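Each chain, letter by letter, is given below.
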Amino acid sequence: MLFINTRPDDRASVLTQALSEAGYQVEALPLLELVAEPFSEALQQLYLALAETQVIVVVSPTAVDIGIRYLQQAGLQLDQLKHIQWVAVGQATAKVLAQFKIASVVPEVETSEGMLELPLLKQQVHLNKIAFWRGLGGRQFMMQQLQQQGVEILNFVLYRRQCPEQSFTKFPEIVKKISLNQPVAVLISSEASWNYWQQLCGQHPYAAAWVYLVLGSRLAQILRQVRDQTAQGFNIIQLENLSASEIIQRMSDWQGHV
């Protein structure tokens, strides 16, 4: 079994090591790299508005790093945000926040839907303003849901995503190594990474028979719709989180049924 690990370079190594130790052949093919947006007057005004904000949702370790750096550039200190409840999309983000001595709430399911189920967001007692530290295009669904419920959103676009140039070169090299009928699994962690994957593999015939491990029910539904519309035969495994143990267990369960 070949496993294509599409996580960004700075987050891929732990998973690659665990999969290798579990007996999988692993190829790293990052689908996303994150590039900081420049600090701007608009961001300056958003930071000043944090004094009246109850919650900050932080969507990635990168959002923590850039967000804290720009907080200082805006002339603010973390001590001025003691009134704020922090929400981290996953454990990796929570660990980076903890390095700054920030305690955060993490959803059981590390997706937008999982975060919306958190009591502090679902009950919305005295909740009228939430800040999102995010990348361009990310967490649109979650923000729309909260806006529809009357919550004001402070939209901090701290970075943008792009597909690394080297991945366009590396993908054909990986394909050449795949033997006929060799099972292949591909990790898809976001809608953005799925869109880049489709650009990357194009009409490659093998990809239609591979298995895709996808994070959360909404992303799984997106892939099902593509599969139905294109009559492709790929398999979909839905993940609840991106931990190595979850991925290895789901892979083992799937292999036991094929």
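Residues numbered from 1 in each chain as written. Predicted model: local features only at pLDDT ≥ 70, side-chain atom pairs only at ≥ 80, totals over all residues. Heavy atoms only, no water.

A closer look at the overall build of the protein chain
Short version of the rule: Working definition: helices are DSSP H or I runs of at least four residues, strands are E runs of at least two. Numbering for both runs from the N terminus. Radius of gyration here is computed from C-alpha atoms only, and the compact-globule reference equals 2.2 Å multiplied by the residue count raised to the power 0.38. Exposure classes here rest on a 1.4 Å probe applied to the protein chains alone. A residue is buried below 20% of its type maximum, exposed above 50%, and partly exposed in between. Note that His is not counted, nor are the chain ends; the positive residues are Lys and Arg, and the negative ones are Asp and Glu. For the purpose of locating charges, the reference atoms are NZ of Lys, CZ of Arg, CG of Asp and CD of Glu.
Along its length, the protein chain carries 11 helices and 11 strands. By the compact-globule yardstick of 18 Å for 258 residues, the protein chain fits well, its C-alpha radius of gyration being 19 Å. Based on the C-alpha atoms only, the size of the protein chain along its principal axes is roughly 60 × 35 × 35 Å. Considering the protein chain as a whole, with its 258 residues, one finds that 48% of them fall into the buried category. Between the averaged position of the 19 positive side-chain charges in the protein chain and that of its 22 negative side-chain charges there is a distance of 0 Å.

Let's talk about helix 1 (residues 9–21)
Here is the rule: Multiply 1.5 Å by the residue count of a helix minus one, and that product is the helix's expected span. Contacts: residue pairs with any heavy atoms within 4.5 Å of one another.
With 13 residues, helix 1 should reach 18 Å at 1.5 Å per residue; the first-to-last C-alpha distance of 19 Å fits that figure. Ala12, Leu15, Ala18 and Leu19 are the residues of helix 1 that are buried. Elements in contact with the buried residues of helix 1: strand 1 (2–5), strand 2 (25–28), strand 9 (184–188) and helix 11 (244–255). Gly23, located one to two residues past helix 1, shows a positive phi value of around 100 degrees.

Some words on the pairing of strand 5 (residues 85–88)
The condition that has to hold: Any two strands are treated as partners once DSSP identifies two or more bridges connecting them. If you view a crossover with the strands going away from you and the path from the first strand over the helix to the second runs clockwise, you call it right-handed.
Looking at chain direction, strand 4 (residues 55–58) and strand 5 are connected through 4 bridges and run parallel. Its bridge partner being in strand 5, Ile56 is matched across the sheet by Trp86. Summarising the sheet, strand 5 and strand 6 (residues 104–105) pair through 2 bridges and their orientation is parallel. Across the sheet, residue Val87 finds its bridge partner in strand 6, namely Val105. Note that the unit made of strand 5, helix 4 (residues 91–99) and strand 6 has a crossover that is right-handed.

Re the packing of aromatic side chains
Each aromatic ring pair is summarised here by two numbers: the centre-to-centre distance and the angle between the ring planes. Rules: Each Phe, Tyr or Trp ring (for Trp, its six-membered ring) is paired with any other whose centre lies within 6.5 Å, and the angle between the two planes then decides the class: stacked below 30 degrees, edge-to-face above 60, tilted in between.
Per the stated rule, a full pass over the model turns up 12 aromatic pairs. Ring geometry for Trp197 against Tyr212: centres 6.1 Å apart, planes inclined by 70 degrees, an arrangement best described as edge-to-face. Taken as a pair, Trp197 in helix 9 (residues 191–201) and Tyr212 in strand 10 (residues 211–215) lie far apart in primary sequence, 15 residues in all. Relative accessible area serves as the criterion here: at 2%, Tyr212 is assigned to the buried category. Ring pairing ties together the aromatic residues Phe39, Tyr47, Tyr70, Trp86, Trp133 and Phe156, which thus form one cluster.

Section: the packing of helix 2 (residues 41–48) against helix 3 (residues 61–73)
Where we set the bar: Orientation is described by axes fitted as lines to C-alpha atoms, over the contacting stretch for helices, and by angles from 0 to 180 degrees between their N-to-C directions. Reported orientations rely on four angle classes, namely roughly parallel under 35 degrees, roughly antiparallel over 145, roughly perpendicular from 65 to 115, and oblique for the rest. Polarity classes work like this: nonpolar for Ala, Val, Leu, Ile, Met, Phe, Trp, Tyr, Cys and Pro, charged for Asp, Glu, Lys and Arg, and polar for all others, with Gly in that last group.
Taken N-terminus to C-terminus, the directions of helix 2 and helix 3 make an angle of 90 degrees; their axes are 10 Å apart at the nearest point. Judged by the angle between their axes, helix 2 and helix 3 are roughly perpendicular. Along its contact with helix 2, which presents Leu43, Gln44 and Tyr47, the element helix 3 presents Ile66, Gly67, Tyr70, Leu71 and Gln73. Taken together, the residues of the contact of helix 2 with helix 3 break down into 5 nonpolar, 3 polar and no charged.

Details of the sheet that holds strand 3 (residues 33–36)
The strand order across the open sheet formed by 6 strands is 3-8-7-4-5-6, and the pairing between neighbours is mixed. The sheet terminates laterally at strand 3 and strand 6, the two strands that pair on one side only. Inspection of the sheet shows strand 7 (residues 129–135) paired to strand 8 (residues 152–162) by 7 bridges, in the parallel sense. Note on strand 8: the bridge partner recorded for Gly135 is Tyr159. Most of the contacts of helix 4 go to strand 5, to which it runs at about 140 degrees, and overall it touches strand 4, strand 5 and strand 6.

Points about the domain arrangement of the protein chain
Here is the rule: Annotation comment: domain bounds sourced from an automatic or database domain assignment.
Each assigned domain of the protein chain is listed here: domain 1 (2–32 + 164–253) and domain 2 (35–161). The gap between the C-alpha centroids of domain 1 and domain 2 is 28 Å.

As for the environment of Val57
By the secondary structure assignment, Val57 is in strand 4. For Val57, a relative accessible area of 0% puts it in the buried group. Between the C-alpha atoms of Val57 and Ser104, which are 47 residues apart in sequence, the distance is 9.3 Å.

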